[in-house]
Every structure is written in structure tokens, then in C-alpha cells.
Amino acid sequence: MDKNEPIYFTRGNPATDALPIDDFRECADAIFKEEGRVLFQYGHYSGYGPLRQWIADWFGVAYEQVLLGNSSMEFLTFAAALFVEKGDTVFLENPSYDRAITAMKRVGATVVGIPLEHDGIDLQAFEAALQKSVPKLFYIVPDFQNPAGVTISIEKRQRIAELAREYGFLIVEDAPYRFLRYQGENPPAFRELVPEKTLHISSFSKIMSPGVRVGFLIGPKDIMPKLHKWSEDTYIHPALVTEGIVYEYCRRGLLEPNIESLKALYAPRMACMLQMLDKHLPGIDFIRPEGGFFLSLNLSDEINGRALQENAEKFGIVLSNGSGFFTDGQGDNFVRLPFCGLSPEEIEEGVIRLAKAIDHHRI
Ligand SMILES: Cc1ncc(COP(=O)(O)O)c(C=O)c1O
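Bear in mind the structure is a predicted one, so any value in this text is a computation, not a measurement.

Participant: Explanation requested: the domain arrangement of the chain in the structure shown.
Facilitator: Often the size quoted for an interface is simply the accessible area lost on bringing the parts together. For the chain, the assigned domains read domain 1 (7-19 + 256-360) and domain 2 (21-251). Its C-alpha centre places domain 1 at a distance of 25 Å from the equivalent point of domain 2. In this complex, domain 1 contributes 27 residues to the contact, which on the side of domain 2 involves 31 residues. If you tally residues by element for the side of domain 1 that touches domain 2, the top one is helix H10 (residues 255-280), at seven residues. Taken together, the residues of the side of domain 1 that touches domain 2 break down into 15 nonpolar, eight polar and four charged.

Participant: Sorry, what's going on with the sheet that holds strand E8 (residues 198-203) here?
Facilitator: Taken together, eight strands build an open sheet; the order of strands is E2-E9-E8-E7-E6-E3-E4-E5 and the sheet is mixed. Unpaired on one side and paired on the other, strand E2 (66-69) and strand E5 (120-121) mark the two borders of the sheet. Of the pairings in the sheet, the one linking strand E6 (residues 137-140) to strand E7 (residues 170-174) comprises four bridges and is parallel in character. Considered in E7, the bridge of Tyr139 is made with Val172. This element, helix H5 (residues 123-132), spans strand E3 (89-94), strand E4 (110-117) and E5 of the sheet and lies at about 160 degrees to E4.

Participant: Is there a simple way to think about the sheet that holds strand E13 (residues 334-338) in this case?
Facilitator: Strand-to-strand pairing in sheets goes through backbone hydrogen bonds, with the strands running parallel or antiparallel. Spatial ordering of the open sheet is given by E10-E11-E13, a layout of three strands whose pairing is antiparallel. If you trace the sheet from one side to the other, it starts and ends with strand E10 (285-286) and E13, each paired once. Pairing between strand E11 (residues 294-298) and E13: five bridges, direction antiparallel. Paired with Leu297 across the bridge in E13 is Val335.

Participant: Explain the environment of Pro135 to me, please; I cannot follow it from the model alone.
Facilitator: Summarising the element assignment, Pro135 is placed in the loop between H5 and E6. Looking at Pro135, the number of C-beta atoms within 10 Å reads 27, which means it is buried. Along the chain, Pro135 and Tyr167 lie 32 residues apart, while their C-alpha atoms are 8.8 Å from each other. The contact partners of Pro135, leaving out residues within four places of it in the chain, are Thr89, Val90, Phe91, Val112 and Phe169.

Participant: I keep staring at the environment of Val172 and nothing clicks. Help me out?
Facilitator: The topology assignment puts Val172 in strand E7. Sequence separation between Val172 and Val107 is 65 residues, and the spatial gap between their C-alpha atoms is 16 Å. Ignoring any residue separated from it by four or fewer positions in sequence, one finds Val172 in contact with Ala79, Leu137, Phe138, Tyr139, Ile140, Leu199 and Ile201.

Participant: What's the story with the nonpolar core in this structure? I'm lost.
Facilitator: Nonpolar side chains tend to gather and get buried jointly when the protein is soluble and globular. Ranked by internal contacts, the top residues of the largest apolar core, which has 106 residues, are Met104, Leu137, Val172 and Val246. No other element matches the seven residues that helix H3 (residues 72-83) contributes to this core. A domain split of this core shows at least three residues from each of domain 1 (7-19 + 256-360) and domain 2 (21-251). Non-local contacts of Met104, meaning those with residues more than four positions away in its chain, are made with Ala80, Val84, Val90, Ala109, Val111 and Tyr139.

Participant: What should I look at first to understand the pairing of E7 in this one?
Facilitator: For a regular strand, the rule is simple: side chains alternate between the two faces of the sheet. Buried residues dominate E7, accounting for five of its five residues. Both faces of E7 are covered, namely the face carrying Leu170, Val172 and Asp174 and the face carrying Ile171 and Glu173.

Participant: Explanation requested: the site of the ligand in the structure shown.
Facilitator: Taken together, 13 residues lie near the ligand, and Ser71, Ser72, Met73, Ser203 and Ser205 sit nearest. In terms of residue class, the shell around the ligand is built from five nonpolar, seven polar and one charged.

Participant: Which parts of the structure should I look at to understand H3?
Facilitator: Owing to its 3.6 residues per turn, the α-helix brings residues three or four apart onto one side. Taking 1.5 Å per residue, 12 residues should reach 16 Å; H3 reaches 17 Å between its end C-alpha atoms and fits that length. Across the 12 residues of H3, nine count as buried, placing the element largely inside the fold. By the burial criterion, the buried members of H3 are Ser72, Met73, Glu74, Phe75, Leu76, Phe78, Ala79, Ala80 and Phe83.

Participant: Would you explain the packing of H10 against helix H12 (residues 344-360) in this entry?
Facilitator: Packed helix pairs are specified by the crossing angle of their axes together with the interaxial distance, meaning the distance between the axes. The N-to-C vectors of H10 and H12 enclose an angle of 25 degrees; their axes lie 9 Å apart at closest approach. It follows that H10 is roughly parallel to H12 by the angle criterion. When you trace H10 past H12, the crossing you get is right-handed. Where H10 approaches H12, its residues Pro268, Arg269, Cys272, Met273, Met276, Leu277 and His280 are matched on the opposing element by Pro344, Ile347, Glu348, Val351, Ile352 and Ala355. A breakdown of the residues in the contact of H10 with H12 according to their chemical character gives 10 nonpolar, one polar and two charged.

Participant: Can you help me understand the environment of Leu39 in this one?
Facilitator: Here Leu39 shows up in helix H1 (residues 21-39). The class for Leu39 is buried, based on 20 C-beta atoms found within 10 Å. Residues Leu39 and Leu51, spaced 12 residues apart in sequence, show a C-alpha to C-alpha distance of 12 Å. In contact with Leu39, not counting residues within four places along its chain, are Ile31, Phe32, Leu240, Val241 and Gly244.

Participant: What's the story with the packing of H1 against helix H9 (residues 240-251) in this structure? I'm lost.
Facilitator: Axis separation between H1 and H9 bottoms out at 8 Å; the angle between their running directions is 120 degrees. Overall, the two elements H1 and H9 adopt an arrangement that is oblique. Judged by the twist between their axes, the crossing of H1 over H9 is right-handed. Listed contacts from H9 to Asp23, Phe24, Cys27, Ala28, Ala30, Ile31, Glu35 and Leu39 of H1 are Leu240, Val241, Gly244, Ile245, Tyr247, Glu248 and Tyr249.

Quick notes on the rules
- Residues numbered from 1 in each chain as written.
- Predicted model: local features only at pLDDT ≥ 70, side-chain atom pairs only at ≥ 80, totals over all residues.
- Domains from an automatic or database assignment.
- Contact = placed C-beta atoms within 7 Å.
- Helix = DSSP H or I, 4+ residues; strand = E, 2+ residues; numbered from the N terminus.
- Nonpolar A, V, L, I, M, F, W, Y, C, P; charged D, E, K, R; others polar.
- Pairing = 2+ DSSP bridges.
- Axes fitted to C-alpha atoms, helices over the stretch in contact; angles between N-to-C directions.
- Buried ≥ 20, exposed ≤ 12 C-beta atoms within 10 Å, placed from the backbone.
- Core = buried A, V, L, I, M, F, W, Y, C linked by C-beta atoms within 7 Å.
- Near = placed C-beta within 6 Å.
- Expected span 1.5 Å × (residues − 1).
- Parallel < 35°, antiparallel > 145°, perpendicular 65-115°, else oblique.
- Left-handed = near helix turned anticlockwise from the far one by under 90°.

Rendered as C-alpha cells:
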């Protein structure tokens, strides 16, 4: 680590050293030989069939319930385009994934942010918001949320599932971090609690490689035809070449050991971040995640968060703009801290620098 270089607490990238490039080379060679005439030709609008089937078996769903796409971000735009019209309401957690907020705003949705607590959204605020307007979609990142690191408790999941049935809104469950749990057990997914009202979105970005851009959506049988058709009309079909490589990788049984080795790499990074925060920032409110890529700080009003973000580079760190994660311009005092792509030395040094920067911005 170069002491003169800034430490980037910005993007949630997987660790570059953990990308399984040699395995990809072998998988590409094998699958191109076997299936090259399929993968390099126009194909089916729902993606490469063998990978769809592999995912269907993995999740225990029917083949037609699986749509492949050029990663999960794409599906947020599909959901927005298909289910939301200008002026319709969409609920999101507040804070939420910034690109999801943008995707919903782009189609003219009225976005309503439901405050996030340490164990998921504030249910009272949620039910009060439902009395005012029933959303078309509730976009939610239930496991190790980006940006906050929060996982929704089972009780809150059950209540949200009940309300989805009662009011009829669709849950867009964005779950790319669900496989990366470093402690404890996963609560059931919305896909399991209320399958008829859930679009479950995930991808291989965090558990294999984001560069392959392979994501998948699992949804109820009655809604899927719309999504398959939307895929066809958008880009004929998603990119088959990388889907073929991902398929070969999965078929060889490499995915599960890769997830295990990522967990072994990332768990100590998260532990290091937590330990350093306890040591250098006692008294600051922060989320203690049990997996994923992020944790977050909620700084008190005694700190000028906006100035902190603007001046962070002077202290040798780069921070994301906290307000980008909020639906309503809040977020000056919200700090997202990704830990997976940083070495323990960078995390240690980064938190020391962050503590100095925060101290400097006390009002
Ligand atoms: C919650 C969430 N959804 C979607 C994405 C986009 O991921 P993908 O690479 O699958 O498009 C990300 C990426 O960081 C994310 O954090």
C-alpha cells in the first residue's frame, strides 16, 4: 500500500485478485469448442438455455420462470419500464441503491423512501405510506443492503409479504449479496415468502465476476411472459458468449467453492473494518452487517457531513456522495464503507484517516 495514495471508499467492487480468470480461460475454451456455433449465433431472447436450466434447478423453479439478462441492473430498467407509468408510486428503502432510484425516476415514478432501521424498514412508516398511495413496485435489497449493510429481519419480511398480498404491489427483491453471508443464517427470501408477488433479481457479479455481465430474474409464471417479451424487444437476446462461459463454470461445480473462498477472503475484511471502527470511531452509529460488501455510518448532527464528503481527499480518502442513496436529498451525514475490495492494511489505514477527517468536521 502506498501511503501517499488515497483510499477509495467508493465503489463496491469485488477483490480483483479473486477473479477466477484461469478457470474462465479453460471454461471458455471448452464451451466454445462444444457450443461455439450456438453461442456466437443469434439465440433465444431469454438467454442461453443450459444456463437457464441450471439456475432453475439451483433455485427449484420452472424453466420459464428464469430470465437471463446482461446482469441485474438491466432488470431494474425492465421492471421500471414494464410496471411503472409516469406518476405511479414506487417505494424504496431510504437509503437505497442509487442506480435503482435513478431507474425509477427516469420513467417518471414518484419515488417514496421508507426509512431504514438497523433491522429493515420502519414498518409504521411503511404502513402509513401505504394509506396514502399503493405503489406499483416496492424495490428492496433485503440482504446486506447496498448501501447500508442492513438485513431485514424475518418478522419484517413476513409483514411486508402480507402487505404485498393485501395491497397487490410487486416486490422487486434485488439480492446479489445473499450468497455472501459470513455469519449466521439467511432469513427466507421474499421469493420464498410471497412468490406470486416477487421478482427476484440476482447476478454472478459478486460471486464470480461483474465483467461477465450475467444476471438472472426469477418471477411468477403469470408475469414472466411480459418480461421475456420485453427482453426480445429490447435487445433480441442478452449476450450468449459470457453466459456460455458462466454455464461451463457452474457445470464444472466451480461456483460453490468460489463462493466459499470469497467468504473466506471477505469475512476477515469485514471483521477488520468493524474492529477498526470500534477502536477509532467509538460512539458513532454504524451498521454491523453479517455479510455482503458494505457497512454504513450515520453521523450525528454534530458533524458537518457535507463538508466531510467534499474535503475527504485532503485526508487521503475518497467517499461516495451520501445523498445519492436517498430519495429525498437527505444523506449528507450518511457514509457508505465498502470493505471487500480493500486489503486489511488499506482498511486499517482508511479508518484511521476517516476518523481524523470526522474529527476535523465536528461542529
Ligand atoms: C443492490 C444492487 N443491485 C444491482 C447491482 C448491479 O449489479 P450487476 O452487476 O448485477 O448489474 C448492484 C451493484 O453493485 C447492487 O449493489
